[in-house]
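# A closer look at the structure
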Amino acid sequence: MWDVAIIGAGLAGLTCARQLKAAGYQVCLIDKSKGLGGRMATRRVTGPVRVDHGLRYWSGGHADGVLQPLTHELIAEGVLKPWSVTSYELRAHDELVPIERGPVYVASNGISAIAKYLAQDLVPDETLLMGYHVNRISPYSQSGSQAGSQSGDEGWRIECEDNKIVMAKRCAIAIPAPQAAELLKRCPPETFENALEGSPISALQKVQYDPCLTVLAGYSDQPDMGKLPPDGWMVTDTVGTSTDWIGLDSSKRTPPYPETTLVIHSRAFFAERYANSNDLQPAASVLLRANARKFGDWIAAPNWFQIHRWRYAFVNQPYPKPILSLTPSFVGGGDWCTFPSTTHPITTAYLSGVAMAEALQSA
């Protein structure tokens, strides 16, 4: 039986696991995906070309200073490097205005390198179980009765697909709130009769997210960037009806790729139009054409493009506490939680992971 099982290998889950392992706990981390990191996501598209299609960059220099120690560690270990990027806002009448932005960092091999670094002390297929979808969590008593301990005082039984069973004394869920709510619905009815936070499922169902569509596009010839610098830029579109952000992703890589790659993030209400669509190619075409009108015809004619849907991209209605305390030995957290000092999703996810680890050490 593990000391702690953590469900979800995004930043919050990885941070929780790292904190607990540093404190001497035996930890098992489980995720339904084949890749680490959640929205710290990098896709290999053609040959050596990698593109970040989730988190745009790592910004560890916020005024709160919470992430600075981890940021300095990631830089010292060669995971992160400063991104020499010029930031703009696109305003009314296609006015492109340079804006000041604090230091931002990227990874030459893609932003998922952060997740791989944080998980380096976990052993694949032993303490790191990727590609396992958790179906059910239930309290477990060593006497053999799964319902014998309503508060999970003796442990938790985590049932995954493919008949994989994980047993742990403590449990944390670090997945998007809607997915966490669905998972808790499948727990035995008596599990949370005396939950520390009242009705946990109801609380999770109140958390709301904005979706996002991400287009990745590649161009073999060196395009004429026009009014944009060829060595690195990103633009926040304040007036567009389809685009929220566009960036020159290939400028993050060292050594540089032989082709130019762009990443476009949609606005939430644009993504909502395609919420139930199985074919996202028309949405990708709209986003490419919209940006071609603003920055150059070449954007509408990529050599290749892909599109990804993020259903849970950005929290717009968070849970009002740093973690969700289900029982003394069962907690939840992520970027859907709230901290008075910050609203930045990276910082929130990190702090929630730390808070979950601290709560479970006290259980």
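A quick note: this is a predicted structure, and the numbers were derived from the prediction, not measured.

Along its length, the protein chain carries 8 helices and 19 strands. Relative to a compact globule of 363 residues, whose C-alpha radius of gyration would be 21 Å, the protein chain shows 21 Å and is just as compact. Burial status across the protein chain gives 55% buried among its 363 residues. Put simply, 68% of the contacts in the protein chain that link residues at least 6 apart link residues at least 24 apart. Approximately 15700 Å² of the protein chain is accessible, and the part contributed by carbon and sulfur atoms is 47%.

If you look at the biggest cluster of nonpolar residues, it comprises 47 residues, and the most contacted ones within it are Ile 6, Leu 20, Met 40, Trp 58 and Ile 114. Going through the elements one at a time, strand 1 (2–7), helix 1 (11–22), strand 2 (27–31), helix 2 (68–76), helix 3 (112–118), strand 9 (128–130) and helix 8 (345–362) are the ones with two or more residues in this core. Per-element accounting of this core gives the leading share, 9 residues, to helix 8. Filtering out sequence-adjacent residues up to four positions away, Ile 114 remains in contact with Met 40, Trp 58, Leu 74, Val 79 and Leu 80. Grouped together as the second largest cluster of nonpolar side chains are 33 residues, Val 134, Trp 156, Ile 173 and Ala 195 included.

Its location among the elements puts Ser 87 in strand 6 (residues 86–91). With a relative accessible area of 5%, Ser 87 lands in the buried category. Within polar-contact distance, the side chain of Ser 87 engages the side chain of Arg 101 at 3.0 Å. When residues no more than four places from it in sequence are discounted, the contact partners of Ser 87 are Val 97, Pro 98, Ile 99, Arg 101 and Met 234.

With respect to burial, strand 16 (residues 260–266) is a largely interior element, 7 of its 7 residues being buried. Of the two faces of strand 16, the one lined by Thr 260, Leu 262, Ile 264 and Ser 266 and the one lined by Thr 261, Val 263 and His 265 are each fully buried. Both strand 13 (residues 208–219) and strand 16 contribute to a ladder of 6 bridges, which runs antiparallel. Each residue of the ladder has a partner; that of Gly 218, found in strand 16, is Thr 261. Examined bridge by bridge, strand 15 (residues 243–248) and strand 16 share 5 bridges and lie antiparallel to one another. Pairing of Gly 247 across the sheet is with Val 263, part of strand 16.

Our focus in this paragraph is the pattern of salt bridges. Applying the stated rule across the entire model yields 12 salt bridges. The shortest N-O distance in the salt bridge between Arg 56 and Asp 244 comes to 2.8 Å. Here Asp 244 lies in strand 15 and Arg 56 lies in the loop between strand 4 (49–52) and helix 2, a separation of 188 residues in the sequence. Classification of Asp 244 as partly exposed rests on a relative accessible area of 23%. A salt bridge links Arg 253 to Asp 249, with the shortest nitrogen-to-oxygen separation between them at 2.8 Å. In terms of burial, Arg 253 and Asp 249 fall into one category: buried. Put simply, Asp 52, Asp 249, Lys 252 and Arg 253 are held in one network by salt bridges that share partners.

When we look at a pair of aromatic rings, we describe it by the centre distance and by the angle of the planes. Within this structure, the stated rule accounts for 7 aromatic pairs. Judged by centre distance (5.2 Å) and plane angle (65°), the rings of Tyr 209 and Tyr 312 are edge-to-face. Of this pair, Tyr 209 sits in strand 13 while Tyr 312 sits in strand 17 (residues 304–317), placing them 103 residues apart in sequence. Judged by relative accessible area, which is 12%, Tyr 209 ranks as buried. A relative accessible area of 28% means that Tyr 312 is categorised as partly exposed.

So, how was this worked out
- Residues numbered from 1 in each chain as written.
- Predicted model: local features only at pLDDT ≥ 70, side-chain atom pairs only at ≥ 80, totals over all residues.
- Heavy atoms only, no water.
- Helix = DSSP H or I, 4+ residues; strand = E, 2+ residues; numbered from the N terminus.
- Rg over C-alpha atoms; globule rule 2.2 N^0.38 Å.
- Buried < 20%, exposed > 50% of the residue type's maximum accessible area, 1.4 Å probe, protein only.
- Contact = heavy atoms within 4.5 Å.
- Areas by Shrake-Rupley, 256 points an atom, 1.4 Å probe, with all protein chains shown as cover.
- Core = buried A, V, L, I, M, F, W, Y, C linked by side-chain atoms within 4.5 Å.
- Polar contact = N/O pair within 3.5 Å; in protein donor to acceptor, adjacent residues only side chain to side chain.
- Pairing = 2+ DSSP bridges.
- Salt bridge = Lys/Arg side-chain N within 4 Å of Asp/Glu carboxyl O.
- Phe/Tyr/Trp six-rings, centres within 6.5 Å; stacked < 30°, edge-to-face > 60°.

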